[in-house]
Amino acid sequence: MVKVCVIGAGVIGLSSALRIIELHPDAEVIVIADKFSPVTTTDVSGGFWEPHLLGDTPEEKIRQWSGRTLEHMTLLANTDCAKYTGASVVSGYQMSADPNTKAPFWTDLVSNFRVLTQDELKDYKDMKFGFFYTTVMLEPQMYLQWLMKRYSVKSLFIRILLWLESYIRFILFAQARAPWIKEFGIFVLQDGLAYILPSSSYVVMGGVEYRGDWNTEVSSKDKKLIWENCTKYVPSLTEAVIDSDCVGLRPSRPSVRLELETVNLKGKIMPIIHNYGHGGAGVTLHWGCAEEVAHLVTGIIKMDSSTLKGKTILSKM
């Protein structure tokens, strides 16, 4: 029997474990992590599909992974799985204070994309360019629980070493009650970012980012800044009720690392699949990356059986 150990229990780790099981139901797959839901970074993310903070990751890989993930999330939103994952199709606007902003490369992946007219922009202070599109989002805590139930995760709470080069700290307001907000709004400022993301149960308000800051305490200064930025562009949010606020640590590196490496551990050959460093796009890339991981596992299994005998595949998520 092939044994696979997945390290990490956020959206990247759990989706990879599930896709491996789906492709290889006879494999023994165990997930090991220092944190499981509801205290992972995924739990406090927006759950919104859009490539973000991906550094030098090749465009073709982003398109491949994010496109497949968009298909997966859209399927969830259009089936009875929506009830258990919080997946929903949402439309809205993204705007920028920089007049030189161009439309992103992924516009052909989403639906209903169009550039905003100057007449549409005039009601938004400082915004010089923008576009409208339709995408998908899900509710991360619900989704992680759904993944775990489908996989029947063997939850081994073992503290592990983090293989990430740095983190980007981000803060957001989560689960604000504002049921009248039906469209998302993302506002790229000269010195920051404001976003309003309406899920099926709550509205996410964010956010700020600090590179290399590992502090997970909520700052009153940051809360005030987020509130002022969001209500500046969507004034009706002044009536929203904030149920909770959160801080998370985004795994950041120059580019996503997804590759197979073979290492020699005390004379034994160990295949390791690296799948980490997804920046602000863990949800956006997760299913496409998980499928690539599962196919890499397939390739390992097809290796000479004498080479694999008694070996464990280690996946670092």
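Please refer to the structure higher up on the page.
None of these values were measured; they are calculated from a predicted model. (Residues numbered from 1 in each chain as written. Predicted model: local features only at pLDDT ≥ 70, side-chain atom pairs only at ≥ 80, totals over all residues. Heavy atoms only, no water.)

For this particular structure, what's the right way to read the overall build of the protein?
For the protein, the count of helices and strands is eight helices and 14 strands. Out of the 317 residues in the protein, the part that is buried amounts to 54%. Excluding contacts between residues fewer than 6 apart, the proportion of contacts in the protein whose partners are at least 24 apart in sequence is 78%. (Helix = DSSP H or I, 4+ residues; strand = E, 2+ residues; numbered from the N terminus. Buried < 20%, exposed > 50% of the residue type's maximum accessible area, 1.4 Å probe, protein only. Contact = heavy atoms within 4.5 Å.)

Before we go on, may I ask you to explain the packing of aromatic side chains in this structure?
How two aromatic rings sit relative to each other is set out by the distance from centre to centre and by the angle between their planes. On inspection of all chains with the given rule, the structure shows 12 aromatic pairs. On the basis of an interplanar angle of 90° and a centroid distance of 5.8 Å, the ring pair of Trp49 and Trp106 is categorised as edge-to-face. With a gap of 57 residues between them, Trp49 in the loop between strand E2 (28–33) and helix H2 (59–77) and Trp106 in the loop between strand E3 (88–96) and strand E4 (111–115) connect regions that are remote in the sequence. Just as Trp49 is buried, Trp106 falls in that class too. (Phe/Tyr/Trp six-rings, centres within 6.5 Å; stacked < 30°, edge-to-face > 60°.)

I tried to follow the pairing of E3 on my own but got confused; where do I start?
Along a regular strand, successive side chains alternate from one face of the sheet to the other. The element E3 is largely enclosed, with a buried count of seven among its nine residues. The sheet contact formed by E3 and strand E5 (residues 129–137) spans nine bridges and is antiparallel. Its bridge partner lying in E5, Met95 is registered against Gly130. (Pairing = 2+ DSSP bridges.)

I'm lost on helix H1 (residues 11–23) in this one. Help?
Given 3.6 residues per turn, any residue in an α-helix points the same way as the ones three and four places further on. With 13 residues, H1 should reach 18 Å at 1.5 Å per residue; the first-to-last C-alpha distance of 18 Å fits that figure. Buried residues dominate H1, accounting for 10 of its 13 residues. Turning to H1, its buried residues are Val11, Ile12, Gly13, Leu14, Ser15, Ser16, Ala17, Leu18, Arg19 and Ile20. (Expected span 1.5 Å × (residues − 1).)

Looking at this model, I keep getting lost on the side chain of Thr298. Mind explaining?
Residue position: Thr298 is located in helix H7 (residues 282–301). Residue Thr298 is classed as buried on the basis of its relative accessible area of 16%. Discounting residues that sit within four places of it in the chain, Thr298 has contacts with Leu23 and His24.

I'm lost on the pattern of salt bridges in this one. Help?
Two side chains bearing opposite charge may form a pair once their charged atoms approach each other closely. Overall, the coordinates contain 16 salt bridges when judged by the stated rule. Notably, a salt bridge pairs Glu259 with Arg257, separated by 2.5 Å at the nearest N-O pair. A single network of salt bridges, built from pairs that share partners, joins Arg19, Glu22, Arg68, Glu71, Arg150 and Glu291. (Salt bridge = Lys/Arg side-chain N within 4 Å of Asp/Glu carboxyl O.)

Please clarify how unusual backbone geometry should be interpreted in this entry.
Most peptide bonds are trans, and most residues other than glycine sit at a negative phi. Pro38 follows Ser37 through a cis peptide bond whose omega is 20°. Here Pro38 is to be found in the loop between E2 and H2. Gly206 connects to Gly207 through a cis peptide bond whose omega is -15°. With respect to the secondary-structure elements, Gly207 resides in strand E10 (residues 203–211). Phi at Leu53 takes a positive value of approximately 55°, unusual for a residue other than glycine. Its place among the elements puts Leu53 in the loop between E2 and H2. Positive phi values are uncommon outside glycine, yet Asp126 reaches one of about 70°. Here Asp126 lies in the loop between helix H4 (118–121) and E5.

Explain the packing of H2 against H7 to me, please; I cannot follow it from the model alone.
Each pair of packed helices can be described by the angle between their axes along with the distance between the axes. The N-to-C vectors of H2 and H7 enclose an angle of 100°; their axes lie 6 Å apart at closest approach. If you check the angle between H2 and H7, you find them roughly perpendicular. For the pair formed by H2 and H7, the contact residues are Lys61, Ile62, Gln64, Trp65, Ser66, Arg68, Thr69, His72 and Met73 on the first element and Val283, Thr284, Leu285, His286, Trp287, Gly288, Cys289, Glu291 and Glu292 on the second. A class-by-class count of the residues in the contact of H2 with H7 yields seven nonpolar, seven polar and four charged. (Axes fitted to C-alpha atoms, helices over the stretch in contact; angles between N-to-C directions. Parallel < 35°, antiparallel > 145°, perpendicular 65-115°, else oblique. Nonpolar A, V, L, I, M, F, W, Y, C, P; charged D, E, K, R; others polar.)

Sorry if this is basic, but what is going on with the environment of Tyr84 here?
Note that Tyr84 resides in helix H3 (residues 82–85). Sequence spacing of Tyr84 and Glu139 is 55 residues, and the spatial spacing of their C-alpha atoms is 9.1 Å. Ignoring any residue separated from it by four or fewer positions in sequence, one finds Tyr84 in contact with Met142, Tyr143 and Trp146.

Help me understand helix H6 (residues 220–233) in this model?
Counted at 1.5 Å a residue, the expected span for H6 with its 14 residues is 20 Å, and the 20 Å between its end C-alpha atoms agrees. Burial in H6 covers these residues: Asp222, Ile226, Asn229, Cys230, Thr231 and Tyr233. The N-terminus of H6 is capped by Ser219, whose side-chain oxygen sits 3.2 Å from the backbone nitrogen of Lys221. (Polar contact = N/O pair within 3.5 Å; in protein donor to acceptor, adjacent residues only side chain to side chain.)

Hey, could you run me through the environment of Pro271 in this one?
By the element assignment, Pro271 lies in strand E13 (residues 268–276). For Pro271, a relative accessible area of 7% gives the class buried. It is 5.8 Å that separates the C-alpha atoms of Pro271 and Glu261, two residues lying 10 residues apart in sequence.

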